[in-house]
Structure formats: structure tokens, C-alpha cells
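# Descriptive structure summary
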Amino acid sequence: MAIQKVMVVGAGQMGSGIAQVCAQAGYDVLLNDMNEDALSKGMSRIEGLLARAVEKERMTEEEKQATTGRLTASSTLNDAKDCDLVIEAVVENMDVKTSVFKQLDEIAPKHAILASNTSSLPITDICAATNRPDQVIGMHFMNPVPVMQLVEVIRGLQTSDDVYQQIADMCVKLNKTSVEVNDFPGFVANRILMPMINEAVYTVYEGVASVEDVDAVMKLGMNHPMGPLTLADFIGLDTCLSIMEVLHEGLGDSKYRPCPLLRKYVSAGWLGRKSGRGFYQYE
């Protein structure tokens with residue numbers, strides 16, 4: 001059955017971005033969050049990004065209106081009852097995710113595909129939390145979703161070929177490039193990226209160089225668009241720590257041990273941009 005109606009669960013930065021690109025691609029989209037404040041902020045974030053796109057002449061006012069017309073706010077998972085695809089984008093915690101998937105498995109129609117935007121957690125385990133493991137898959141979008149081209153499509157052990165193909169085809173409609181990834185801790189993107197960020201934190205922790213100088217080395221010496229510590233603040237230090245813990249536990253190699261300074265910042269509530277302070281301070 002063709003995917004026409006999509007629910008995105010979680011109205012944070014990732015969830016709202018996924019909802020936006022789906023609506024722009026012509027899908028009817030429900031942006032869901034049980035927190036009314038988060039839901040309102042998510043819808044406002046989309047409206048602001050679309051308005052900016054019109055200002056910069058990347059889309060017309062008519063296209064903006066058509067996109068917003070396909071977007072609906074939802075505060076209950078029961079709205080998944082007539083969706084063809086549900087994309088989960090909640091906090092990176094296995095207990096929370098499996099709880100959401102168990103509920104969606106009960107609510108969503110039998111044909112519906114259930115996808116997770118997890119950045120590191122095992123899709124096979126998420127599949128096993130449902131009675132439709134062959135219809136569960138990973139769709140790891142990159143942040144910020146409307147800008148970044150890549151989607152990692154992660155097959156659980158149980159994911160069917162048909163479901164994989166439907167999601168790969170959908171990525172084309174979203175104007176994204178998908179890569180097929182097997183279910184290993186951190187997949188590809190974060191298995192490579194997060195140890196680099198963690199090592200950058202270690203260079204600060206060990207007094208090798210300042211935060212600013214570490215970032216300058218990677219920007220000016222390695223031609224990265226932003227330094228690893230600036231990027232860590234953008235991603236969220238709690239998310240970085242969570243992914244490093246998944247890598248450390250899942251792969252059992254000491255090279256993935258999270259830096260103690262990263263743990264300390266997260267314990268202090270210094271999570272990066274979203275909290276106003278991380279390796280840098282923000283307004």
C-alpha cells in the first residue's frame with residue numbers, strides 16, 4: 001500500500017524537521033507530541049523555517065501555504081489509527097522508544113510501517129517490541145533535517161525487503177539520498193563522528209588545547225564546516241554521551257569510553273545550545 005499519511009512522534013528539532021520535509025514532499029503529516037508546549041514550539045519552528053524559505057525565494061508563498069495545509073498538530077498517539085507510516089523521533093532512550101512502539105503497534109493499522117529516527121540504538125531490539133517486526137525500520141535523518149541530504153536506512157534482522165524498498169523510495173520523494181545500513185551500534189554516521197567528538201573533548205580535558213583552538217584546528221586544518229565541539233553543542237551533549245555509551249556497551253572496546261569531562265558537563269546540565277551552555281555559552 002502506498003504511503004500517503006505520515007505521523008511523526010516527537011516535536012523537537014528532529015521531529016519537526018522530519019514533519020516539514022514530509023509535508024513539503026506532498027504527504028499529509030501529523031506532528032505528534034504529548035507535551036502541548038513542545039508541540040506548539042515544533043509547529044512554530046516549521047512555520048518560521050518556511051517563512052524564511054519564502055523570504056530567500058527558495059519557495060513561493062503558495063508552496064508554503066500548501067505545505068502548512070498538509071500539516072496537523074496531534075497530542076495523542078491514537079491519531080496513528082489511519083496512518084501509513086509512523087516515524088518516531090523521541091528521546092534517545094531504549095525504554096522510552098520501545099514503550100512508544102508497543103503503543104503504536106496496537107493503534108496503527110496492520111499495513112502501517114513503523115520507523116525510528118534513532119541515531120544509535122539497535123533497530124532489531126525495537127522490531128522485537130512489536131508484533132510486526134518485519135514492518136519496522138530505522139530512518140536516521142541528519143540535523144538540521146530540511147538542509148541535510150542524508151538518511152541512513154537501517155534494516156533490523158526482521159525488516160522485510162518490501163518495507164526497505166518503500167522507505168528507500170520515499171527518501172527519493174523527500175529529495176534525500178538514502179544509504180542502506182546494517183544494524184550495528186552507531187550505524188555508520190555516529191560510529192565515525194562520535195569518537196571524533198569524544199576525542200576532541202579529551203584534548204580539552206587533558207589540557208592539550210583550548211575549546212576554541214581545538215575547533216580552529218579542525219576547521220582550518222581539516223576543512224570541516226564547524227569544529228567538533230561546536231558541533232557537539234549543536235547536537236546536544238546529552239545525546240553525544242548517550243551515543244558514546246551505546247558504542248562502548250555494544251562494541252565492548254575501550255576506545256569508545258566517554259570522556260569524563262563530557263559526563264561532567266551533562267551532569268551539570270550543560271547540554272549545549274538547547275540549555276544555553278555547553279563548551280560555549282549562548283544567549
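Residues numbered from 1 in each chain as written. Predicted model: local features only at pLDDT ≥ 70, side-chain atom pairs only at ≥ 80, totals over all residues. Heavy atoms only, no water.

Looking at an unreviewed UniProt entry, one finds the protein chain named 3-hydroxybutyryl-CoA dehydrogenase and attributed to Savagea serpentis. Annotation of the protein chain in UniProt includes, under Sequence similarities (unreviewed entry), the sentence "Belongs to the 3-hydroxyacyl-CoA dehydrogenase family." (UniProt positions renumbered as here; feature names shortened; annotations may be inferred.)

A few words on the layout of surface pockets. In this model, the second largest pocket occupies a volume close to 630 Å³. The wall of the second largest pocket is formed by 25 residues, among which Gln20, Gln24, Val145, Pro146 and Val147 lie closest to the centre. Broken down by secondary-structure element, the contributors of at least two residues to the lining of the second largest pocket are α1 (13–24) and α2 (36–55). The dominant element in the lining of the second largest pocket, judged by the number of residues it contributes, is α1, at 6 residues. Here the residues of the lining of the second largest pocket are counted per class, giving 11 nonpolar, 8 polar and 6 charged. (1 Å grid on protein atoms, 1.4 Å probe; cavity = no way out; pocket = protein on both sides within 12 Å on 5 of 7 lines; lining within 4 Å. Points joined across faces, edges and corners; volume = space filled by probe spheres on them. Helix = DSSP H or I, 4+ residues; strand = E, 2+ residues; numbered from the N terminus. Nonpolar A, V, L, I, M, F, W, Y, C, P; charged D, E, K, R; others polar.)

Taken from the UniProt record, the annotation "binding site: NAD(+)" (unreviewed entry) applies to Gly10, Ala11, Gly12, Gln13, Met14, Gly15, Asp33, Glu92, Lys97, Ser119, Asn143 and Lys274. Checked against the lining of the second largest pocket, the annotated residues reduce to Gln13 and Asn143. Mapped onto the fold, Ala11 is located in the loop between β1 (5–9) and α1. Looking at Ala11, the relative accessible area reads 1%, which means it is buried. Inspection of the secondary structure assignment puts Gly12 in the loop between β1 and α1. (Buried < 20%, exposed > 50% of the residue type's maximum accessible area, 1.4 Å probe, protein only.)

What follows covers the nonpolar core. Among the nonpolar cores identified, the biggest contains 37 residues, and Val6, Cys22, Leu85, Met139 and Met170 are the most heavily contacted of them. The residues touching Val6, leaving out its near neighbours within four places in the chain, are Cys22, Tyr27, Asp28, Val29, Leu30, Cys83, Leu85, Ile87 and Met170. Ranked by size, the runner-up nonpolar core spans 24 residues in total, among them Ile197, Tyr202, Leu262 and Phe279. (Core = buried A, V, L, I, M, F, W, Y, C linked by side-chain atoms within 4.5 Å. Contact = heavy atoms within 4.5 Å.)

Turning next to the packing of aromatic side chains. Going through the model one piece at a time under the given rule, you end up with 3 aromatic pairs. Note on Tyr202 and Tyr205: the rings are 6.2 Å apart at their centroids and 70 degrees apart in plane angle, and the pair reads as edge-to-face. You can see Tyr202 and its partner Tyr205 sitting in helix α7 (residues 189–205), 3 residues apart, about one turn around the helix. Taken together, a centroid distance of 5.1 Å and an interplanar angle of 75 degrees make the contact between Tyr265 and Trp270 edge-to-face. With a relative accessible area of 27%, Trp270 lands in the partly exposed category. The structure contains a cluster of three or more aromatic residues connected by ring pairs, namely Tyr265, Trp270 and Phe279. (Phe/Tyr/Trp six-rings, centres within 6.5 Å; stacked < 30°, edge-to-face > 60°.)

Before going further, it helps to examine the state of the cysteines. Simply put, disulfide is the name for a covalent bond between the sulfur atoms of two cysteines. This structure, assessed with the given rule, holds 0 disulfides. The closest cysteine sulfur to the non-disulfide-bonded Cys240 is located on Cys259, 12 Å from its own sulfur. (Disulfide = S-S within 2.5 Å.)

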